[in-house]
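Observations on chain architecture
Read off the chains here:
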Amino acid sequence: MKYTPHTRIDIEDMLKTIGVPAVEDLFRDIPADMRAAGYGLGAGKSEYEVLGHLKHTAGRNRPLRLNLTGGGFYDHYIPSAVDRLAGRAEFYTAYTPYQPECSQGTLQAIFEYQTAICRITGMDVSNASVYDGGTALAEGILMAMRVTGRNKIVIDKSVNPIYRDMIRTYLGSQECELAEVGPDGLALDMKGFSENIGRDTAAAVVQNPNFFGTINDYSEISAGCRKAGALTICSVYPLSLGLLRTPGEMGADIVTGEGQSLGNPLSFGGPYLGFMAVKREYIRQLPGRIVGETVDRNGKKCYVLTLQAREQHIKRHRATSNICTNQSLCALRALLYLSCLGEKGFRDTAVRNYTLANYAVRVLSDIEGVEFVNGKPVFNEFVLRFKDKADVVYSKLLARGISAGIPLGGYYKGMDDMMLMCVTEKLGKDDISMLRKELEEL
Amino acid sequence: MNRELLYEKSIEGRSGYALPVSGIQEEFPGPEYLRSGPCGLPELSELDIVRHFTGLSRLNYSVDGNFYPLGSCTMKYNPKILEDVSSLDGFSRLHPMLPLLPGAAEYVQGALEVLYRLQEALCDITGMDAATLQPLAGAQGELAGILMTAAYHRMKGNAKKTVIVPDASHGTNPASAAMVGYDVITVATDSRGQMDTAEFAERINDEVAAVVMTCPNTLGIFNADIRKISRMAHSVDALMYYDGANMNAILGKVKPGDIGFDIVHLNLHKTFATPHGGGGPGAGPVCVKDFLAKFLPSPRIVRDRGGSYMPGEGDASSIGKMAPFYGNFGVLLKAYAYILLLGEEGLNDVSDKAVLNANYILGLLRDHYEVPYDRKCMHECVLSAARQSEKGVHALDIAKYLIDMGFHPPTVYFPLIVKEAIMIEPTETESRETIDRFARVMIDAAGLAEKEPGVLRNAPVTTRISRPDEVRAARDLNVRYTG
Amino acid sequence: MYYTKDHEWVKVEGNTATVGITEYAAKQLGDVTFVEKPVTGKDIKKGQVLCDVESVKAASEVYSPVSGKIAQVNGSMEEFPGIVSSLPESDGWIAKIEMSDPSEASQLMNAQQYGDYIRTIK
């Protein structure tokens, strides 16, 4: 298949204008000994063949009867309008809105997205997106180091281990100290935080609900940070904010998170959506694109990319970050999702997810030999302890077509018998009953 | 017509969403865990929302609606079949944790196979030995590449401090180098539009960790000295980094791995036709020579003897994780399908036609605009409105006039080294008639600059808004609706 | 008044040097939207970065033309950063520096030399 439109006559005429006899002559700047010998890719195929091939390949992904795998990445219901509207080519096939007159659609949508993120997190300003929840957190940490001029980071070990891996990669060549504290059992290690936060601390990093699904209040930690002149960074699971206390209310300075659950499919790991929202005083250190309101030359309200002088295409090596392409379409999907659910739907969905998780905890921990470990309210995810190793329990259930969660032994020492399990509003009472039955039969 | 925000259209009590009935009594955590007030999300019906966003979408120019020759961004046509592929249920609903759980990789063999085969194809295309698909955009690919560079030098005990970039480079190059803690040395462009080889020879020394080059560069010029440059770099154990943003120009013609480069990142959303989404998502896979493979982010996808695919064990030297899992899978899948569709001949045809189109534009416009580096170009050409600016008409005015004529403007004022730069990248999917129409409008603009500059300075007049006050936007920052 | 190749100006009164950007620099930058305020009381060496100046389309570093202690910063810049580009060589001054080596200033270009220099780079 080819998507180029040129006919033989087009090519001949165009070459005449250019003044060379053949297309090959346009590549004369490339020395002959640098030319590639060819690819081993084979011939192109028709659309019908490629679609057939990939349908077959997709078919090699086997369906599960029940999936309780979460780990910060969730299968929520996505209203059809999200796909239909985000799939409009005018959004889909445009690029970064450098020219405001012919990009007001994208610009206004980003402004509305920024507003939604500020509102749900309780913060003042949001950027237009970064790559994912992990890079958002890493950028948040780099930002805190710039703001404070300090380089010690105190991070809760119950922050998603995947994010902590990414942070270590991002900070790999920076001069900084990463102090990991807790968890104390599965509970917040307040002592660890208060002992580690000091005059050398750039930021404390926490997550709500944490990796284990536990809901916490971090007000005390943020108060401690404020006293020490450090910032508080909170990675938050956005859907929980329909119900739970916002990071803004807890005194966070920088809020980041994974926006996948807002209208983006799991899609085997991406594209996802990193969101970042901060207190107004830090806006100049916030990386990424930002859309601002202004007026045009006739006084009409409109939107533009603003504070671009912070960015790499202008400030080069002194920029706040190297980010250029972001996750704009995923941010649009998040806005569409939040709009479709609306105030009531968003709250109802959060309540449903909270209710289901805590209901599942009661039903499942009632099984003999199964114990609820968090011991506190949970959202979406929770940890159960089994008599067997969690790996064994997982494998047995997988043989019955159920992915029961994430065995924690691979991520945390001493948790070999624990499994992190996840329910969303896509599951119901019957699914939880079925899971109970399967667990009892093991 | 004033375009109200979603929030201004909200009507209290309106809703367009319902959950399934659960039969479970609602529960709430204690008040200390609850948010104190409403979120402030809009209350609208589904139709309200559909109208709102349909209306917004109409304010955009897009590849599907308009010629979009935005230089350096490769705004080519995105075949529709790619959307069908990525939304196949068997792919879009897959949980990325599965292959990391005991025995569950069996359930996602199709997705892992796609990733494995794409790794292989990209190594073939770039002339490299190993690939990671993790980086989530080109700039993140650069960061991964520079982090690997740092890891390599640490392992060898090399005391490296700097990274060399040409002054015509993308801004992400120096920004990525700085994020890893390197000082940036900028080498000037010579009169031929290439990095000045003589100046480079003076600046290259033992402290240089890497040389980052885009080839062809942002002026659309292929650097014929590249082998010489890479020999000089390698003689001081500096790595050669290829910024693949302009790979569209040399698909099928040159493999960066054959001409001295050690690390390559690709921008799949540019070269391999995945839509740009209003600013993303993209994907920025990185391919390297064998001696750097152990530093690649992990996991990479491997195939075992039995033919099963799985995420490989990370090497102890790996720089770690750039992404939570395997990269922007949805984007990777589209790029894979595109490579299957085009095959070897089709990819070769991409660069043929991209370069033909760019030179054709240059041929049509060279008498009407200053051409700062007057030679054959590759996939894009850079003109200057310097002549017009003497009449008080700037590149920006010409850009705005193009909007009135139904074209998305080229990139303007970049590369920074060209005064009044107009950077045109037509891409291979545009027809001769489209380019002819565009060129006629550009020629008209040059004429208007002489005779009626006011028309250009007043443009655009056909859009809902014209010439926003960007100074006000930056000074009186208003970045969310507060009503 | 003295001038640098990086387009800063210096006005010397006694031991105090008032520093700003030149008309030429202001024109190149366009309307200034933000100035990162220098820190009063800080010691600075000739050639070190005094502050960052941003416009909509550009960002530029302002280098200190002399060595000494930053004695005073133009307070108007915070609310009205545009003053740096609209009145660059008067009310839009950036900082006053107590010079540690007053001879540094006299090594810079005078108005005539700076005028010639600008013509060479145009």
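Structural notes, computed from the coordinates.

The rules behind the values
- Residues numbered from 1 in each chain as written.
- Chains lettered and ligands numbered in written order.
- Predicted model: local features only at pLDDT ≥ 70, side-chain atom pairs only at ≥ 80, totals over all residues.
- Heavy atoms only, no water.
- Pairing = 2+ DSSP bridges.
- Helix = DSSP H or I, 4+ residues; strand = E, 2+ residues; numbered from the N terminus.
- Core = buried A, V, L, I, M, F, W, Y, C linked by side-chain atoms within 4.5 Å.
- Buried < 20%, exposed > 50% of the residue type's maximum accessible area, 1.4 Å probe, protein only.
- Contact = heavy atoms within 4.5 Å.
- Axes fitted to C-alpha atoms, helices over the stretch in contact; angles between N-to-C directions.
- Salt bridge = Lys/Arg side-chain N within 4 Å of Asp/Glu carboxyl O.
- Parallel < 35°, antiparallel > 145°, perpendicular 65-115°, else oblique.
- Left-handed = near helix turned anticlockwise from the far one by under 90°.
- Nonpolar A, V, L, I, M, F, W, Y, C, P; charged D, E, K, R; others polar.
- Buried area = accessible area lost by both parts, 1.4 Å probe.
- Polar contact = N/O pair within 3.5 Å; in protein donor to acceptor, adjacent residues only side chain to side chain.
- Expected span 1.5 Å × (residues − 1).

Here's the deal with the sheet that holds strand β12 (residues 421-424) of chain B
All names here are of chain B. Spatially, the 3 strands line up as an open sheet ordered β10-β12-β11, and their pairing is antiparallel. Of all the strands in the sheet, the pair left with one neighbour each is β10 (381-384) and β11 (411-412). Looking at chain direction, β11 and β12 are connected through 2 bridges and run antiparallel. In the strand pairing of β12, Thr 411 is matched with Met 423.

Details of the nonpolar core
Core analysis: the largest hydrophobic core is formed by 243 residues, its most contacted members being Phe382(A), Phe272(B), Ile422(B) and Met442(B). Looking at which element gives the most residues to this core, the answer is helix α11 (residues 329-365) of chain B, with 21 residues. If sequence neighbours within four positions are ignored, Phe382(A) has contacts with Phe212(A), Ala357(A), Ala360(A), Val361(A), Leu364(A), Phe372(A), Asn374(A), Met419(A), Leu420(A), Met421(A) and Val423(A). One finds Cys225(A), Val255(A), Leu305(A) and Tyr481(B) within the second-largest nonpolar core, a separate group that totals 77 residues.

Details of the sheet that holds strand β4 (residues 32-35) of chain C
Hydrogen bonds between backbone atoms are what pair the strands of a sheet, whose relative direction is either parallel or antiparallel. Residues and elements named next belong to chain C. The antiparallel open sheet is built from 3 strands, whose spatial order is β4-β6-β7. Either end of the sheet is taken by a strand with one partner, and the two such strands are β4 and β7 (59-63). Direction aside, the axes of adjacent strands within the sheet are offset by 30° on average. Taken together, the 5 bridges between strand β6 (residues 49-55) and β7 define a ladder with antiparallel strand orientation. Its bridge partner being in β7, Glu 54 is matched across the sheet by Ala 59.

What about the pattern of salt bridges?
The tally for this structure, following the rule as stated, stands at 62 salt bridges over all chains. Note that Arg168(A) and Asp165(A) form a salt bridge whose closest N and O atoms lie 2.8 Å from each other. Here the residue Arg168(A) and the residue Asp165(A) both occupy positions in helix α7 (residues 161-170), the gap between them amounting to 3 residues, near one helical turn. Owing to a relative accessible area of 39%, Arg168(A) belongs among the partly exposed residues under this scheme. Between Lys156(B) and Asp237(B) there is a salt bridge whose closest N-O contact spans 2.9 Å. Here Lys156(B), found in helix α6 (residues 138-156), pairs with Asp237(B), found in the loop between α9 (226-235) and β5 (239-244); they are 81 residues apart in sequence, far enough to count as distant. Lys156(B) gets classed as partly exposed once you look at its relative accessible area, which sits at 44%. Put simply, Arg284(A), Lys315(A), Arg318(A), Asp52(C), Glu54(C) and Glu61(C) are held in one network by salt bridges that share partners.

As for the packing of helix α5 (residues 104-121) of chain A against helix α11 (residues 328-365) of chain A
All names here are of chain A. Contact geometry of α5 with α11 gives a least axis separation of 9 Å together with a crossing angle of 55°. Taken together, α5 and α11 sit at an angle that is classed as oblique. Handedness of the α5/α11 crossing: left-handed. Between α5, through Thr 106, Ala 109, Ile 110, Glu 112, Tyr 113, Ala 116 and Ile 120, and α11, the contact on the second element is made entirely by Ser 328, Ala 331, Leu 332, Ala 334, Leu 335, Leu 338 and Phe 346. For the contact of α5 with α11, a count of residues per class yields 11 nonpolar, 2 polar and 1 charged.

So, the interface of chain B and chain C
Interfaces are often described in size by the accessible area the parts lose on coming together. Across the boundary between the two partners, chain B contributes 5 residues, which contact 9 residues of chain C. Counting each side, the surface lost to burial between chain B and chain C is near 510 Å², with a carbon and sulfur contribution of 60%. Considering only the surface of chain B that becomes buried against chain C, Glu470(B), Val471(B) and Arg475(B) emerge as the three largest contributors, covering 75% of it. Summed over the shared surface of chain B and chain C, the number is 1 salt bridge. Here Lys57(C) and Glu470(B) are joined by a salt bridge, their closest N and O atoms 3.4 Å apart. On the surface where chain B and chain C come into contact, there are 2 residue pairs in polar contact (both at pLDDT 80 or more). Here the residues of the side of chain B that touches chain C are counted per class, giving 2 nonpolar, no polar and 3 charged.

As for α6(B)
All names here are of chain B. Here α6 is 19 residues long and its end C-alpha atoms lie 27 Å apart, about the 27 Å a rise of 1.5 Å per residue gives. Counting buried positions along α6 yields 16 of 19 residues, so the element is predominantly enclosed. Immediately beyond the C-terminal end of α6, within one or two residues, lies Gly 157, with a positive phi of roughly 75°.

Purely geometric stuff here, so don't read any function into it on its own.
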